[in-house]
Amino acid sequence: VNTQKHSLGIPPPSEKDWPKDEEDFFLLDPDRERDALPQPFRMINTLVMQVFERAMETIERREMLREAQKLKVQPEKCFPTAEFQVTERANCLAASGKYVFVGLSEGLAAFNTCDFKDVCAWDRAKTEICAIHALDLGNECHVLLAVDEMGLVWLFCFHNESFLLVKVLNEVEDISQRSTCVEEVLSRGGDYAGILLQGNTKAWLEIYQLPKDSWLTEMEKNAGAAEGSLSKVQNCSISLCTFLLQEPPVSAIQADVKLDLPVLLLTVRPPKPITGTSFTGPLDALKEVDDDSVLGLGYNHLIKDSQWELQEAIFCSTYREYLEAEGVTKEEIPRHATFHFLLPSRILMGPEMEVQPDIPVGIGVHWDGNHNFCLYLLNHSLKGKEDSDLIPDVVWPCAAPIACSAVSSCSRYLALAGEDATITIWDKHLGYPLSVTSILEERFIRSIHFL
């Protein structure tokens, strides 16, 4: 007799009872168990479901990004309120007062910002203007420096809605001696203009003084004369007026005004490489040093050529493998400079100098690859010094070659950035550094600005 002591129960499931063809069988709908597709349709169904799942994930991700973008502060979109049409290709533009000057493929054009209409154009030379600097001199008079495709610098005076060519600053008769302009700067107020020129093998900086006071006086005289002539024309008979209207009269500003030419004040050339001394003793070197100079360019020394050659030989033999790997070349004369017009300060003022606080009294120059920041006063005379190199009045040496520089709007603070990624802020009024900041290593500073 078979007797059971315990009631029969349902055995627990095991892995051998799992279906082998579906890994996620427990996620299937029980109602669809009988509707399972045969192979290969189940594989196709799986692939399609994966595509839909990835699509939904992409949609959710994009929705999240769109919601996050809405929470950010959106910049205000500005649309042009007006526009003016130019007849040729525009290369550059500059704004001064209520006028906008545009450099075209052939000449210049001026537009009035009040009604956005073409005021006048200049295309006498049929040259392409590539860069413009403009400055308001007051009394509806503007000074312009325009550089054409050949590197010539055109100095214009704009008054009474007409252009007047004053001078081409770097024009020469011999074309082989022509120099090209690399950079042009107008000082604040329009008292001075500086242009950096490059020739075939050399570069130099020219500083001009602009006689803006005489320009404004001459413009006022001719403006009064033009008004007088206009009143006479209005009082003429109808027949005479009809005859005059057949050919438009030439503007008095263009025909009669003859402005004074700018005066060349300084010609600054890059510093020459330091070579062996030509002095026979210390006394000869001391005679060449001015009484009021402390730091110079390093030319007045007592190191002989043989000592330079010995030092160079020792250096090359010690670091020969590094020099061959880097391909180090000999030092060349720099061909590019950065310069700033500087307002009066204790460094650039003598005890008896009479200066105005808003007119520059000097310039600061540094050449590419050079350690020295040189300051020159603008009261030098070029008589008898055309062939001699101008000596700086103040020299500020730096530990590394100067990469770039900037001057604050008040012209008191000067920032010098070296090639070693170190920025030094100088107080030009007192003549000492305020702060020194070192940027991360392996960084090269290309530009610096005061905010």
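In this report, the structure presented in the accompanying data block is examined. Here the structure is a predicted model, which means the values were calculated and not measured. (Residues numbered from 1 in each chain as written. Predicted model: local features only at pLDDT ≥ 70, side-chain atom pairs only at ≥ 80, totals over all residues. Heavy atoms only, no water.)

Looking now at the pairing of strand β9 (residues 180–186). As paired elements, β9 and strand β10 (residues 192–198) share six bridges and run antiparallel to each other. What sits directly across from Cys-181, in β10, is Leu-197. Hairpin remark: β9 followed by β10, antiparallel, with five residues in the connecting loop; positive phi at Gly-189, about 100°. (Pairing = 2+ DSSP bridges. Helix = DSSP H or I, 4+ residues; strand = E, 2+ residues; numbered from the N terminus.)

With 23 residues, the main nonpolar core has Leu-155 and Trp-215 as its most contacted residues. Secondary-structure elements contributing two or more residues to this core are β6 (141–148), β7 (153–159), β8 (162–168), β9, β10, β11 (203–209) and α2 (212–234). Counting residues per element, this core draws most heavily on β6, at four residues. Residues within four places of Leu-155 in sequence aside, it is in contact with Val-143, Leu-144, Leu-145, Leu-164, Leu-165, Val-166, Lys-167, Leu-169, Leu-210, Trp-215 and Pro-262. In this structure, Ala-94, Ile-129, Leu-144 and Phe-163 belong to the second largest nonpolar core, which totals 19 residues. (Core = buried A, V, L, I, M, F, W, Y, C linked by side-chain atoms within 4.5 Å. Buried < 20%, exposed > 50% of the residue type's maximum accessible area, 1.4 Å probe, protein only. Contact = heavy atoms within 4.5 Å.)

Taken in spatial order, the four strands make up an open sheet running β13-β14-β15-β16, and their pairing is antiparallel. With one partner strand each, in any of the chains shown, β13 (337–342) and β16 (394–397) form the two edges of the open sheet. Looking at each pair of strands side by side, their axes are set apart by 20° on average, direction ignored. Here β13 runs beside strand β14 (residues 362–367); their pairing, made up of six bridges, is antiparallel. Bridge pairing in β14 places His-340 opposite Gly-364. (Axes fitted to C-alpha atoms, helices over the stretch in contact; angles between N-to-C directions.)

On to the environment of Asn-170, then. Residue placement: Asn-170 occurs in the loop between β8 and β9. For the pair Asn-170 and Cys-181, spaced 11 residues apart in the sequence, the C-alpha separation amounts to 8.1 Å. Once you skip the residues sitting within four places of it in the chain, Asn-170 turns out to touch Gly-151, Leu-152, Val-153, Ser-179, Thr-180, Cys-181 and Leu-197. In terms of polar contacts, Asn-170 uses its side chain to reach the backbone carbonyl oxygen of Ser-179, at 3.0 Å. (Polar contact = N/O pair within 3.5 Å; in protein donor to acceptor, adjacent residues only side chain to side chain.)

Along the chain, Ser-179 falls in the loop between β8 and β9. Residue classification places Ser-179 among the buried positions, given a relative accessible area of 5%.

The next point concerns the sheet that holds strand β5 (residues 129–138). Here four strands make up an open sheet; going across it, the order is β5-β6-β7-β8 and the pairing antiparallel. Looking at which strands have only one partner, the edges of the open sheet turn out to be β5 and β8. Strand-to-strand twist across the sheet, computed as the mean angle between neighbouring axes with direction ignored, equals 25°. Direction of pairing for β6 relative to β7: antiparallel, over a ladder of seven bridges. Within β7, the residue paired with Leu-145 across the bridge is Leu-155.

On to the environment of Ile-423. Mapped onto the secondary structure, Ile-423 falls in strand β19 (residues 422–427). The exposure class assigned to Ile-423 is buried, which follows from its relative accessible area of 17%. Separated by 15 residues in sequence, Ile-423 and Ser-438 have C-alpha atoms that sit 6.3 Å apart. Each residue touching Ile-423, except ones within four places of it in the same chain, is listed here: Leu-416, Ala-417, Ser-435, Val-436, Thr-437, Ile-439, Ile-445 and Ile-448.

So, about the pattern of salt bridges. Considering all chains together, one arrives at five salt bridges under this definition. Of the charged contacts in the structure, one is a salt bridge between Lys-126 and Asp-123, with a shortest N-O distance of 3.7 Å. Since its relative accessible area comes to 37%, Asp-123 is described here as partly exposed. When the shortest N-O distance is used, the salt bridge between Lys-212 and Asp-191 registers 3.8 Å. Here Asp-191 lies in the loop between β9 and β10 and Lys-212 lies in helix α2, a separation of 21 residues in the sequence. (Salt bridge = Lys/Arg side-chain N within 4 Å of Asp/Glu carboxyl O.)

By themselves, these are just geometric observations and shouldn't be taken as functional.
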